[in-house]
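Residues per chain are reported as follows:
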Amino acid sequence: MALIWLQQTWNANRIVITVATSAATAAIAYGIYKLLFNEKEEEADEYFESIVLSKDPPSKKILVIGLDGAGKTSFVRCFGKGNKDGKAYDEPRPTVGFNVKSVNMGSVLFDFWDVGGSEVCRECWKQFLQSIHNIVWVVDASNRERIKESSDALNNFLQNDKQMRSLLIVANKQDCDGAMKLSEIKKLLQVDSLKRDVQIVGTQTPQGGMRKGIWAAYNKLLNMP
Ligand SMILES: Nc1nc2c(ncn2[C@@H]2O[C@H](COP(=O)(O)OP(=O)(O)OP(=O)(O)O)[C@@H](O)[C@H]2O)c(=O)[nH]1
Ligand SMILES: [Mg+2]
């Protein structure tokens, strides 16, 4: 009896030891694999903390337009060094008229012309075309109901731009449930056939929340003709 008990205990212990050894071996192998082949991806500097500001950089004038509530003012506010705790601004109010924000981004000074998106303001968008280099179109990626309105407003507006300036589409509110992906937004905005440089970036700029895509947007704007 005692012999059988001893044998069973010995067998059970052997199983435990074998499982523990296998787990430890797998963990060590995974650690070595991560170390050798899976380097940590560099996180984007969404707060521009690594930017070295220069004196009197050349300016680039950007027109920021799109439907009301898309997040234009929120997007523009994300540019500039710092504001990591998000306390610099209150919840944005609808823009009546326009705001200009000049921000030193190191090798370039961005002049953002952020114009309101209400129907009245839309009438004025074309007045800003004269002096600007690039156009940013902000769209609320979480609002399917207004995507057709956004597409119509964009394509109507672009007819005024005979210089065919480069266009950056900012698919904002990617943090929201059901936000449309970039390929879908591009299709629904009907920009694939435009005879101009069109780029797109996904962003999120919630008030006081985690921002994303601003670093990517900055790099695109920097390199746009
Ligand atoms: N969840 C979420 N909310 C956002 C985001 N960006 C902006 N908002 C909110 O959307 C609302 C409208 O943002 P604004 O930046 O004022 O939009 P706008 O395009 O400037 O609007 P107008 O000035 O009226 O043309 C505000 O309540 C913002 O806090 C985002 O990425 N995610
Ligand atoms: Mg605004």
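The notes below deal with the structure included here.

### Remarks on the pattern of salt bridges
Here is step 1 of the chain: Under the criterion given, the structure shown has 12 salt bridges.
Here is step 2 of the chain: A salt bridge links glutamate 49 to lysine 84, with the shortest nitrogen-to-oxygen separation between them at 4.0 Å. Taken together, the positions of glutamate 49 in the loop between helix H1 (2–37) and strand E1 (59–65) and lysine 84 in the loop between helix H2 (72–77) and strand E2 (98–104) put the pair 35 residues apart, joining distant regions of the chain.
Here is step 3 of the chain: Judged by relative accessible area, which is 53%, lysine 84 ranks as exposed.
Here is step 4 of the chain: Among the salt bridges present, the one from arginine 146 reaches aspartate 68, with a minimum N-O distance of 2.9 Å. Within this pair, whereas arginine 146 is found in the loop between strand E4 (134–140) and helix H4 (147–158), its partner aspartate 68 is found in the loop between E1 and H2, the two being separated by 78 residues in sequence.
Here is step 5 of the chain: Overall, aspartate 68 belongs to the partly exposed group, its relative accessible area being 33%.
Here is step 6 of the chain: One network of salt bridges, in which partners are shared, links Asp68, Arg122, Arg146 and Glu149.

### Some points on unusual backbone geometry
Here is step 1 of the chain: The backbone of aspartate 56 shows a phi angle near 45°, a positive value even though the residue is not glycine.
Here is step 2 of the chain: Following the sequence through the fold, aspartate 56 ends up in the loop between H1 and E1.
Here is step 3 of the chain: Take aspartate 56: its relative accessible area is 75%, and that puts it in the exposed class.
Here is step 4 of the chain: Not every positive phi belongs to a glycine, and glutamine 190 is a case in point at roughly 55°.

### A look at the site of ligand 1
Here is step 1 of the chain: Ligand 1 sits among 22 residues. The nearest are Lys72, Ser74, Glu91, Thr95 and Thr205.
Here is step 2 of the chain: Bound to the protein, ligand 1 loses 86% of the 650 Å² it would expose on its own.
Here is step 3 of the chain: Here the shell around ligand 1 takes 3 residues from H2, the largest share from any one element.

### Regarding the side chain of aspartate 111
Here is step 1 of the chain: Looking at the secondary structure, you find aspartate 111 in strand E3 (residues 109–115).
Here is step 2 of the chain: The class of aspartate 111 is buried, set by a relative accessible area of 11%.
Here is step 3 of the chain: Side-chain polar atoms of aspartate 111 contact the side chain of serine 102, separated by 2.4 Å.
Here is step 4 of the chain: Those residues in contact with aspartate 111 that sit more than four places away from it in its chain are Ser59, Lys60, Lys61, Ile62, Lys101 and Ser102.

The rules we used
Residues numbered from 1 in each chain as written. Chains lettered and ligands numbered in written order. Predicted model: local features only at pLDDT ≥ 70, side-chain atom pairs only at ≥ 80, totals over all residues. Heavy atoms only, no water. Salt bridge = Lys/Arg side-chain N within 4 Å of Asp/Glu carboxyl O. Helix = DSSP H or I, 4+ residues; strand = E, 2+ residues; numbered from the N terminus. Buried < 20%, exposed > 50% of the residue type's maximum accessible area, 1.4 Å probe, protein only. Near = heavy atom within 4 Å. Areas by Shrake-Rupley, 256 points an atom, 1.4 Å probe, with all protein chains shown as cover. Polar contact = N/O pair within 3.5 Å; in protein donor to acceptor, adjacent residues only side chain to side chain. Contact = heavy atoms within 4.5 Å.

Nothing here speaks to function; it is all geometry.
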